[in-house]
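# Per-entry structural report
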Amino acid sequence: MGSGPGSWFWQVVLLQLLLSGLCTDGYRPVVIVHGLFDGPKQFRTLTFLISKVHPGTEVLFINLYDGLFSLRPLWKQVQDFRQEVEPIMKKAPDGIHLLCFSQGGLICRALLSTMADHNVHNFIALSSPLAGQYGDTDYLRWLFPKYMKKTIFHICYSKAGQCFSICNYWNDPHQRDRYLHSNTFLALLNGDAPHAEMKVWRENFLHIKKLVLIGGPDDGVVTPWQSSLFGFYDSSENIVEMRNQEFYRNDTFGLKTLEARGDISVCVHSGVHHTKWHSNQTVFNTCLEKWLT
Ligand SMILES: *[C@@H]1O[C@H](CO)[C@@H](O)[C@H](O)[C@H]1NC(C)=O
Ligand SMILES: *[C@@H]1O[C@H](CO)[C@@H](O)[C@H](O)[C@H]1NC(C)=O
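Residues numbered from 1 in each chain as written. Chains lettered and ligands numbered in written order. Predicted model: local features only at pLDDT ≥ 70, side-chain atom pairs only at ≥ 80, totals over all residues. Heavy atoms only, no water.

### Some thoughts on the overall build of the protein
For the protein, the helix and strand inventory stands at 13 helices and eight strands. For the protein, with 293 residues in total, the buried portion stands at 51%. Across the protein, contacts joining residues at least 24 apart in sequence account for 69% of those joining residues at least 6 apart. Carbon and sulfur atoms make up 57% of the accessible area of the protein, which amounts to about 13,800 Å² in all. (Helix = DSSP H or I, 4+ residues; strand = E, 2+ residues; numbered from the N terminus. Buried < 20%, exposed > 50% of the residue type's maximum accessible area, 1.4 Å probe, protein only. Contact = heavy atoms within 4.5 Å. Areas by Shrake-Rupley, 256 points an atom, 1.4 Å probe, with all protein chains shown as cover.)

What follows is the structure in structure tokens.
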């Protein structure tokens, strides 16, 4: 029953030991979600970089919808990724980090918005078209011939078109009404088209501790590249940055709250092509390392 200063001292020491154990011993598992047309193979360098700076980190891949299968509709992918990620979360009492590349960033956001009980600590969106895509870059050209940027909305904003992942975040700034009425994924996720679940989705999303946004002007695939930081074109194709977006001002999914909390970190690098983000040492050291503890 010690109540003197001595026992108080030992309680503090014990608490510090416990806390330091939690903070430095185990690193939280890192779960990686890949992008369009790729899969876990592309992330070998990243796995190596993580294990070098944080030895013992468990790095896990959600190995679903690789390669061409990544074109499947995103809500379907979200459903199946969820099945995989739920048991990983259950086994991680201190939570996990979610590192999601390109299209994977949208899958992760949808997971975070629709899972009431997720324990994601830091959510890192690595060059992800978070506000949508409007550009027929080399990467997509074999799929959409060059001249199609202006006309693809006819396909994308139809019921059949929404069965392709890329149409789920195709955001044609000249076809706003069609986007709002026909898009079944991004328009809901961003609250561009208000819906009944918005409040719950926002609460769920806000369970994350940090949102880390990474992108840059030489990406070459995400168009406009500012979409990786929640910026996007207006109807004259001028960039409207995150803070001036309606979804930010209305805080439709929690972005404004996160920033007010001080929990958004933005990391921009030039000279990095889309396919190099996850293997670039500079990007790793400056944008990723500190969020993976
Ligand atoms: C934003 O808020 C305004 C004013 O309440 C509302 O008219 C508008 O529909 C909202 N927009 C979105 C995208 O939530
Ligand atoms: C790696 O990132 C640095 C810093 O942004 C950049 O200058 C360099 O070109 C990148 N290297 C590759 C191979 O992408």
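Structure's up, so let's keep going.
### Side note on the pattern of salt bridges
The tally for this structure, following the rule as stated, stands at eight salt bridges. Salt-bridge contacts for Arg 82 lead to Glu 86; the nearest nitrogen and oxygen are separated by 3.4 Å. Linking Arg 82 with Glu 86, this pair stays in helix H3 (residues 74-90), spanning four residues, or about one helical turn. Residue classification places Glu 86 among the partly exposed residues on the basis of a relative accessible area of 23%. In this structure, Arg 243 and Glu 241 form a salt bridge, with 3.7 Å as the shortest nitrogen-oxygen distance. For Arg 243, a relative accessible area of 41% gives the class partly exposed. What makes Glu 241 partly exposed here is its relative accessible area of 38%. (Salt bridge = Lys/Arg side-chain N within 4 Å of Asp/Glu carboxyl O.)

### A closer look at the site of ligand 1
Residues in contact with ligand 1, as listed here, are Gly 191, Asp 192, Glu 246, Asn 250 and Thr 252. Glu 246 has a polar side-chain atom sitting 2.6 Å from a nitrogen atom of ligand 1. Asn 250 is positioned with one of its side-chain polar atoms (N or O) 2.3 Å from an oxygen atom of ligand 1. In isolation ligand 1 exposes 360 Å². Once the protein is present, 46% of that is buried. Of the residues in the shell around ligand 1, the class split is no nonpolar, three polar and two charged. (Near = heavy atom within 4 Å. Polar contact = N/O pair within 3.5 Å; in protein donor to acceptor, adjacent residues only side chain to side chain. Nonpolar A, V, L, I, M, F, W, Y, C, P; charged D, E, K, R; others polar.)

### Quick look at the nonpolar core
In a soluble, globular protein the nonpolar side chains are often hidden away together inside. Residues Ile 96, Leu 98, Phe 123, Leu 211, Phe 230 and Leu 255 are the most contacted members of the largest nonpolar core, which totals 62 residues. Ile 96 has contacts with Arg 28, Pro 29, Val 31, Val 85, Ile 88, Met 89, Asn 119, Val 120, His 121 and Asn 122, leaving out every residue within four places of it along the chain. Formed by 22 residues, the second largest nonpolar core is a distinct cluster that contains Leu 49, Leu 99, Phe 101 and Ile 214. (Core = buried A, V, L, I, M, F, W, Y, C linked by side-chain atoms within 4.5 Å.)

### Examining the packing of aromatic side chains
In total, this model carries 13 aromatic pairs according to the counting rule given. Through pairs of rings, three or more aromatic residues link up here, namely Phe 123, Phe 205, Phe 230, Phe 247 and Phe 253. For the cation-ring pair, Arg 109 lies above Phe 253, with the distance from its terminal atom to the ring centre recorded as 4.4 Å. (Phe/Tyr/Trp six-rings, centres within 6.5 Å; stacked < 30°, edge-to-face > 60°. Lys NZ or Arg CZ within 6 Å of the ring centre and 35° of its normal.)

### Things to note about H3
An α-helical segment advances 3.6 residues per turn. Residues three or four places apart therefore align on the same side. Between its first and last C-alpha, H3 extends 24 Å over 17 residues, near the 24 Å set by a 1.5 Å rise per residue. Along H3, the sharpest kink reaches roughly 30 degrees, centred on Glu 84 and followed within four residues by the proline Pro 87. Along its buried surface, H3 packs onto strand S1 (30-33), strand S2 (59-61), strand S3 (96-101), helix H4 (103-114), strand S4 (120-126) and helix H7 (165-168). (Expected span 1.5 Å × (residues − 1). Bend = angle between axes of the 7 residues up to and from the residue.)

### Describing the pairing of S4
The buried fraction of S4 amounts to six of the seven residues, a majority that puts the element mostly inside the structure. At this point the chain moves from S3, through H4, to the parallel S4, and the crossover so formed is right-handed. Sheet topology note: the S4/strand S5 (residues 210-215) ladder contains five bridges and is parallel. Within S5, the residue paired with Ile 124 across the bridge is Val 212. (Right-handed = clockwise from strand over helix to strand, strands pointing away. Pairing = 2+ DSSP bridges.)

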